[in-house]
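# Structural overview
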Amino acid sequence: MASAAASGAAPGAARRPRHVPRHVWARERRRSAGAGLAGPNTVYVQVVAAGSRDAGAAVYVFSEFNRYLFNCGEGTQRAMQEHKLKISHLDSIFLSRVAWANVGGLPGMILTLKAVGLQRCVFLGPPKLQNYLKAIRLFPGPLKRMDLAVQLHTEPEYKDETMTVYQIPLAGKSLAAENTSPQSPGASAQGGSSPKQDTGPGSPRAAQQGLEEGKEKASSKGRGDEQKPAGRHADLVMAFLCKIHPKKGKFLAVKAQEMGLPVGTPAILPIITALKNGESITFEGRELLPEELCTPTDPGPVFLVLECPHQGFLEAVCGNETFRRYQEGLPENQVALVIHMTPESVLRDSRYQQWMERFGPGTQHLVLNENSSAVHNPRSYKIQTQLNLIHPEIFPLLTTYQSKEEAAVCSVPIVRGECLLKYHFRPKQEWHRDAVTVCDHDASVSEALDLPDFQTRVKECKESLPAAPGNGSPYPEIVFLGTGSAIPMKIRNVSSTLVNTSSTRSLLLDCGEGTFGQLCRHYGERVDQVLCNIVAVFVSHMHTDHHSGLLNILMERRKAFAALGQAFSPLFLIAPEQIMPWLHEYHNHCEEILGDIKMIASQSLVAGCENIRPKAKWSVSSLLDSYDLAEFQTCEVQHCKNAFACSMVHRSGWKVVYSGDTMPCTALVKMGKNATLLIHEATLEDGMEKEAIEKTHSTTSQAIQTGLKMNAEFIMLNHFSQRYAKIPLFSQDCSQRVGIAFDHMRVRLGDFLTIPKLIPPLKALFADDIVEMEERKEKRELRLLKETVIALDRLAGGENQETPPQKRKQAKNHQELPSKKLKTVN
């Protein structure tokens, strides 16, 4: 159970062990005191992701005792961090279905939970969830060492201080069986495709499915694994019926005192406990009833979280006996809220509408699906709006993807999901919209224009630019989709860069979590065509922040081909061969995806490699032809094992080099000789060389020096640490050949002269952030200096001769002296 998250804490101990998070410690102390099931005072459900195509559907449940998450697609963690929904306080995560739309954000979420001190996570969901958690253990790093426990529906109900949760398994029928059209690779034979991958008679995708299934069978047969998918569990969707614990009535102390009870003395405590538990007591020969001295008990509200992916599940939902018991109108079984993670095609079905009606007028209905137009990352929109004032072409405004499907008209009132929309169960059942996210374009513009020097610097920048663009060629075009490291941030998503080599061909350099969402926000209605244009994805290494968005790209790409009526073709995956065990595990036990890729091992593209197989040679030749490239090459870099950089040379002459994650690396310099553009990681600022070595990353100056050594025409820095939320500290080595990458920044070769001139307005826009980072840097330098002085004193033997007050005074003097020097230098 979730209580095991205490990681070996001893609740009876007087002090909290340092390794146990504070909220876990408090929860265990409550339980040991016997106050576990008193019922919470405050409970609400809040929408994290409203179901839109770029964000998926996820809800967060809060009480003063516990926190829960229902579904965890890509981008969930980023939204929770932006909106201050504490990830560290999560007790359990509930997954309605093992489809990437629901579980794509779990690897990053688990790593974050591990980082904040939780050694054990509890998950509730269908049997496939065990296979998925086993598969992600193949990722390098802390996932291997974390206790990931699954509580299946066959086990007793989940119970904690806030509520009891019952898992209700729903077995659907395959749509293929109903329609006679076979499903494409990636869709489970038991209806396991994501809600976004629905097929129906006459759908654009149906015509493709026979061809795709044939390709997958041939591909599977060629690998000799045609029997392995039999290990995939029959697909189930798990609904969650949640009963919040009753809240005991309040003891009426004033009335008790009037009746002569010993209020204010220890003797009153057992009396209060008995009365609040509904027991009558006898006091001085008089029987006292609970209703005389306590307010009525607040019965626990009930809510239901349900995913109905497609019509194949309608029979299972509408005929479920457990649901029927809560539709009979009994007061104790009144459902306060049903959360429908349901596509419009299901909502429109008369059977589903009748099922909704049976809950009665007292039940609220919340719908989360692709018809939502909610904005989940308003900070990203705000920053992009302000950057757009500096240069509209390099920093284009963001957009949203709007579903073209007509909204269903329902026979019962429904509420459409919005990001951060709340429904309170306690203290009063009601909707709260005060936190719902909005994007105020005009307010963002006004805020930037009011900043000191901003308008002046923008004007000077624009006046310094040439009247006509230098290089008229629109390609290659580099679109930075993710420029942060490790975990997604408010402003910077994790690693991904799109290289558009022509109007019809694109290539992804790394594919971290949320890459598809970034494409949606950048391209809006054009996203399907962009997906079809992507012929290859390069994954530099196996760290989660560089490849956990890949499966969503594969699935959404397949959907895009169908939507546009174009012939499907697998994409080239250029990656370390160590990625294949993970892909095979997911394919064999969760969803079929191997038919969507043609693998090219990064190891086979290193200069001088003679082990390339004939089939791989054909794939490389086809890759080069697709992009009109003269060469695509990789080299091993100094990061983790099997980490690679890549270089592509176009037949027209340009050369783009991508470092991936690396320390300064001779092989990279050699491969990137005379590059037109080097995209290099600059995870840490100058002065943090020691940390860069420990983490096998580069500092800003190290990245720039690598570019200068290879004689790169221009250097774009990216992959910034989380500590640089908006902008990194500028290096003294920054020159007219260096640019700072931002998410959604669009760069062409003709922009090289322009980008360095953007730095003054950028400094004006982020002036407060730069001052704060410089203050942090100064404090860090003072701390290091102090540690150095103390270490020297110890070596000199001075430590034994000084009293503690003298040492404190000396440390203070050391701190004051360099501070004055630094101020003089600045």
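Attention in this report is confined to the structure presented alongside it. All values derive from a computational prediction rather than experimental measurement. (Residues numbered from 1 in each chain as written. Predicted model: local features only at pLDDT ≥ 70, side-chain atom pairs only at ≥ 80, totals over all residues. Heavy atoms only, no water.)

## Things to note about the overall build of the chain
A count of helices and strands for the chain gives 29 helices and 30 strands. Across the 826 residues in the chain, those meeting the buried criterion constitute 58%. Residue pairs at least 24 apart in sequence account for 72% of intrachain contacts in the chain once pairs closer than 6 positions are excluded. As displayed, the chain has an accessible area near 34100 Å², and 52% of this comes from carbon and sulfur atoms. (Helix = DSSP H or I, 4+ residues; strand = E, 2+ residues; numbered from the N terminus. Buried < 20%, exposed > 50% of the residue type's maximum accessible area, 1.4 Å probe, protein only. Contact = heavy atoms within 4.5 Å. Areas by Shrake-Rupley, 256 points an atom, 1.4 Å probe, with all protein chains shown as cover.)

## So, the sheet that holds strand S29 (residues 738-740)
An order of S24-S25-S26-S27-S28-S29 is seen for the six strands of this open sheet, with the pairing classed as mixed. Of all the strands in the sheet, the pair left with one neighbour each is strand S24 (629-636) and S29. The average undirected angle you get between the axes of adjacent strands in this sheet is 15°. As defined by bridge partners, strand S26 (residues 655-658) adjoins strand S27 (residues 677-681) across three bridges and the pair is classed as parallel. Of the residues in S27, the one forming a bridge with Val656 is Leu677. This element, helix H23 (residues 614-627), spans S24 and strand S25 (644-650) of the sheet and lies at about 125° to S24. (Pairing = 2+ DSSP bridges. Axes fitted to C-alpha atoms, helices over the stretch in contact; angles between N-to-C directions.)

## Some remarks on the pairing of strand S8 (residues 163-171)
Across two bridges, strand S7 (residues 158-159) lies against S8 in antiparallel orientation. Residue pairing in the sheet places Lys159 in a bridge with Thr164 of S8. Connecting S7 to the antiparallel partner S8 that follows it, the hairpin turn spans three residues.

## Quick word on the pattern of salt bridges
Per the stated rule, a full pass over the model turns up 25 salt bridges. A salt bridge links Lys404 to Glu525; the shortest N-O distance between them is 3.1 Å. Pair noted here: Lys404 is in the loop between helix H15 (378-390) and strand S15 (415-416) and Glu525 is in the loop between helix H18 (515-523) and helix H19 (527-533), with a separation of 121 residues, a long-range link. Judged by its relative accessible area of 41%, Glu525 is partly exposed. Members of the salt-bridge network, linked through shared partners, are Glu393, Glu477, Arg746 and Arg748. (Salt bridge = Lys/Arg side-chain N within 4 Å of Asp/Glu carboxyl O.)

## A closer look at the sheet that holds strand S4 (residues 92-94)
With respect to topology, eight strands assemble into an open sheet ordered S6-S5-S4-S3-S2-S1-S16-S17, the strand pairing being mixed. The sheet is open, and its two borders are formed by strand S6 (147-151) and strand S17 (430-432), each paired with just one other strand. For this sheet the average axis-to-axis angle between neighbouring strands, irrespective of direction, equals 25°. Pairing of strand S1 (residues 43-50) with strand S2 (residues 57-63) involves seven bridges; the strand directions are antiparallel. Paired with Val43 across the bridge in S2 is Ser63.

## Remarks on unusual backbone geometry
Cis geometry marks the peptide bond from Arg426 to Pro427, where omega comes out at 5°. For Pro427, the position within the fold is in the loop between strand S16 (422-426) and S17. Backbone torsion omega between Tyr475 and Pro476 reads 5°, so that peptide bond is classified as cis. Of note, Pro476 is situated in the loop between helix H17 (454-464) and strand S18 (477-482). The backbone phi angle of Asp510 is positive, close to 65°, even though this residue is not glycine.

## A few points about the packing of aromatic side chains
Pairs of aromatic rings are described using the distance from one ring centre to the other and the angle between the two planes. Inspection of the entire model under this criterion finds 25 aromatic pairs. With centroids separated by 5.0 Å and ring planes inclined at 90°, the aromatic side chains of Trp355 and Phe359 adopt a geometry described as edge-to-face. Neither Trp355 nor Phe359 differs from the other in exposure class; each is buried. Taking 5.6 Å as the distance between ring centres and 80° as the angle between the ring planes, the aromatic pair formed by Phe561 and Phe568 counts as edge-to-face. A single burial state applies to Phe561 and to Phe568, both of which are buried. Every member of this aromatic cluster is reached through a ring pair, and the members are Tyr68, Phe70, Phe94, Tyr158, Phe240, Phe303, Tyr423, Phe425 and Trp431. When the ring centre of Tyr401 is taken as origin, the NZ or CZ atom of Arg53, which lies over that ring, is 4.8 Å away. Note that Lys422 overlies the ring of Tyr44, its terminal NZ or CZ placed 4.4 Å from the centroid. (Phe/Tyr/Trp six-rings, centres within 6.5 Å; stacked < 30°, edge-to-face > 60°. Lys NZ or Arg CZ within 6 Å of the ring centre and 35° of its normal.)

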